Amino acid sequence: MKSATFLSRFCGILAAVFLFAVAVVIFLSKDAPAGLLSVPPEANALSGTLMDAVCQGDYRTAGSLMYGTPDLGVDKAPDSALGIAIWDALIDSLSYSFIGEWYATDSGIGRDVIITALDIPSVMAVLVPQVQENLAQELAASGPDDSGVYDENGQIHGEFLSQLQHRAAQEILTQGNYVIETTVSLNLVQEDGQWRVLPDPAFIRVITGGVVG
């Protein structure tokens, strides 16, 4: 009799604990995005194709996969040694990893992705001091004759300045870690029966190293 009473109370306690746990889960997840039972294969493939294009520096293709086919403005070749160095470092730094499951959004479906990318504004913030330091070293090495540094108007020769900037960028990128990880949401909607990624400013800002968006 005692065993039956104990078992009954024990089961009652377990039931209470279970109901409490369910209540906690419901409370914690009440504001979470609704999960999806199935995801259209086209949408799943699109998200991977988009991120692969980004990591290859193919922003033209990436833009074509977004709603409204925006011109991201970063698929043109840099026209300076500094621009080339920063661009190459950005592309080399890009990688991604999808996390979690697909979920429903107000306009379609979404999934989260961790993007690793060069933080270009942080690089540029330390570029000027580095250029100034390199310039001081060049002037100290050149002595009284600074004709190789300045022109007749007292301005730094364009080619020399370009070399200084490029060297400073290479030093900064080699010596410091300016790569950051950011989690963003890919939000997909249907346009004319095809899935497209919304050009969210936060997403564009990350994939362009913080320059655009």
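Everything numeric here is computed off the predicted structure, so don't read it as measured data. (Residues numbered from 1 in each chain as written. Predicted model: local features only at pLDDT ≥ 70, side-chain atom pairs only at ≥ 80, totals over all residues. Heavy atoms only, no water.)

Colleague: Sorry if this is basic, but what is going on with the nonpolar core here?
Modeller: It is characteristic of soluble globular proteins that their nonpolar side chains tend to be buried jointly. By size, the foremost hydrophobic cluster in this structure holds 44 residues, and its most contacted members are L94, I115, L188 and F203. Element by element, the count of residues in this core is highest for helix α2 (residues 41–55), at seven residues. Once residues within four sequence positions are removed from consideration, F203 is found in contact with L50, M51, M66, I115, V184 and L186. (Core = buried A, V, L, I, M, F, W, Y, C linked by side-chain atoms within 4.5 Å. Buried < 20%, exposed > 50% of the residue type's maximum accessible area, 1.4 Å probe, protein only. Helix = DSSP H or I, 4+ residues; strand = E, 2+ residues; numbered from the N terminus. Contact = heavy atoms within 4.5 Å.)

Colleague: So what exactly am I meant to see when it comes to the side chain of S93 here?
Modeller: Relative to the helices and strands, S93 resides in helix α4 (residues 81–93). Overall, the relative accessible area of 13% leaves S93 in the buried class. Polar contacts involving the side chain of S93 include one to the main-chain carbonyl oxygen of L90, which spans 2.7 Å. Discounting chain neighbours no more than four positions away, the residues touching S93 are T116, A117, L118 and V179. (Polar contact = N/O pair within 3.5 Å; in protein donor to acceptor, adjacent residues only side chain to side chain.)

Colleague: Explain the pattern of salt bridges here, please?
Modeller: If you walk through the whole model with that rule in mind, you get two salt bridges. Notably, a salt bridge pairs E138 with R167, separated by 2.9 Å at the nearest N-O pair. Separated by 29 residues along the polypeptide, E138 in helix α5 (residues 120–142) and R167 in helix α6 (residues 158–175) bring together distant segments of the chain. R167 is the partner of E171 in a salt bridge, and the nearest nitrogen-oxygen pair spans 3.4 Å. Taken as a pair, E171 and R167 lie in helix α6 at a separation of four residues, close to a single helical turn. Here the salt bridges do not stand alone but share partners, grouping E138, R167 and E171 into one network. (Salt bridge = Lys/Arg side-chain N within 4 Å of Asp/Glu carboxyl O.)

Colleague: Please clarify how the packing of α5 against α6 should be interpreted in this entry.
Modeller: How two helices sit against one another is set out by the angle between their axes and by the gap between those axes. In the contact formed by α5 and α6, the axes pass within 8 Å of each other and the chain directions differ by 120°. Here α6 runs oblique to α5, going by the angle between their axes. In this structure, α5 meets α6 at a crossing whose hand is right-handed. Counted together, V123, V126, L127, Q130, V131, N134, L135, Q137 and E138 of α5 and F160, L161, L164, Q165, R167, A168, A169, E171, I172 and L173 of α6 form the full contact between these two elements. Residue composition of the contact of α5 with α6, by class: 12 nonpolar, four polar and three charged. (Axes fitted to C-alpha atoms, helices over the stretch in contact; angles between N-to-C directions. Parallel < 35°, antiparallel > 145°, perpendicular 65-115°, else oblique. Left-handed = near helix turned anticlockwise from the far one by under 90°. Nonpolar A, V, L, I, M, F, W, Y, C, P; charged D, E, K, R; others polar.)

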